[in-house]
Amino acid sequence: MSLPPCPKCNSEYVYQDQQDLICPECAYEWNPSEVLDEAPTEKDANGTQLQEGDKITLAKDLKVKGSSLVLKIGTKGVIRRIVEGKDHQLDCKLDGAGEMMVTAKFVKKAS
């Protein structure tokens with residue numbers, strides 16, 4: 001029987017202790033029977049939960065770092081992926097700008 005890798009650090013050196021699995025590298029303990037299928041979510045400028053695949057619009061004009069490009073308020077886009085633990089949480093495809101990382105508090109979920 002092979003055990004799944006650690007969900008925190010992806011270590012393959014996981015061992016079982018009764019019902020729990022334990023990672024010796026990061027000391028994370030979890031129960032494999034519990035569902036850990038929590039998709040990362042962020043909140044937009046209005047406090048609405050955002051998920052991957054949501055359509056968004058920019059809530060304010062944004063300057064693009066390292067460029068003279070300015071993304072105007074109301075620019076539409078689609079969230080491709082949500083990345084936790086970064087300044088720019090949303091990996092989006094924006095109309096007229098292409099693929100770009102955007103901070104969640106500067107967008108609104110489109111209806």
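Attention in this report is confined to the structure presented alongside it. Chains are numbered independently. Their residues run from 1 in the order of the written sequence. In view of the model being predicted, local features appear only for residues whose pLDDT reaches at least 70, and side-chain atom pairs are presented and counted only at 80 or more, with totals across whole chains, interfaces and linings using the full set of residues. Derived side-chain values reflect all non-hydrogen atoms in the structure, with water molecules and hydrogen atoms excluded from consideration.

Another aspect to go through is the overall build of the protein. Tallying secondary structure elements over the protein gives zero helices and 12 strands in all. Think of it this way: any DSSP run of H or I at least four residues long counts as a helix, any run of E at least two long counts as a strand, and we number them from the N terminus. For the protein, the sequential pattern of α-helices and β-strands runs β-β-β-β-β-β-β-β-β-β-β-β. Computed over its C-alpha atoms, the radius of gyration of the protein comes to 19 Å, more than 25% above the 13 Å expected for a compact globule of 111 residues. Seen through its C-alpha atoms, the protein measures out along the principal axes to roughly 55 × 30 × 20 Å. Computation of the radius of gyration draws on C-alpha atoms, with the globule rule given as 2.2 Å multiplied by the number of residues to the power 0.38.

Next up on the list: a negative patch on the surface. Taken together, the side chains of Asp17, Asp20, Glu29 and Glu34 present a region of like negative charge at the surface. Take glutamate 34: it is sitting in the loop between strand S3 (29-30) and strand S4 (42-43). Patch building starts from residues that exceed 30% relative accessible area and form no salt bridge, then joins like charges within 9 Å and nonpolar side chains (Val, Leu, Ile, Met, Phe, Trp, Tyr) within 5 Å. Method for areas: the Shrake-Rupley scheme with a 1.4 Å probe, in which residue coverage is limited to the protein chains shown. A pairing counts as a salt bridge when a side-chain nitrogen of Lys or Arg comes within 4 Å of a carboxyl oxygen of Asp or Glu. Only four residue types enter the charge count, namely Lys and Arg as positive and Asp and Glu as negative; His and the chain termini do not. Charge positions are represented by NZ for Lys, CZ for Arg, CG for Asp and CD for Glu.

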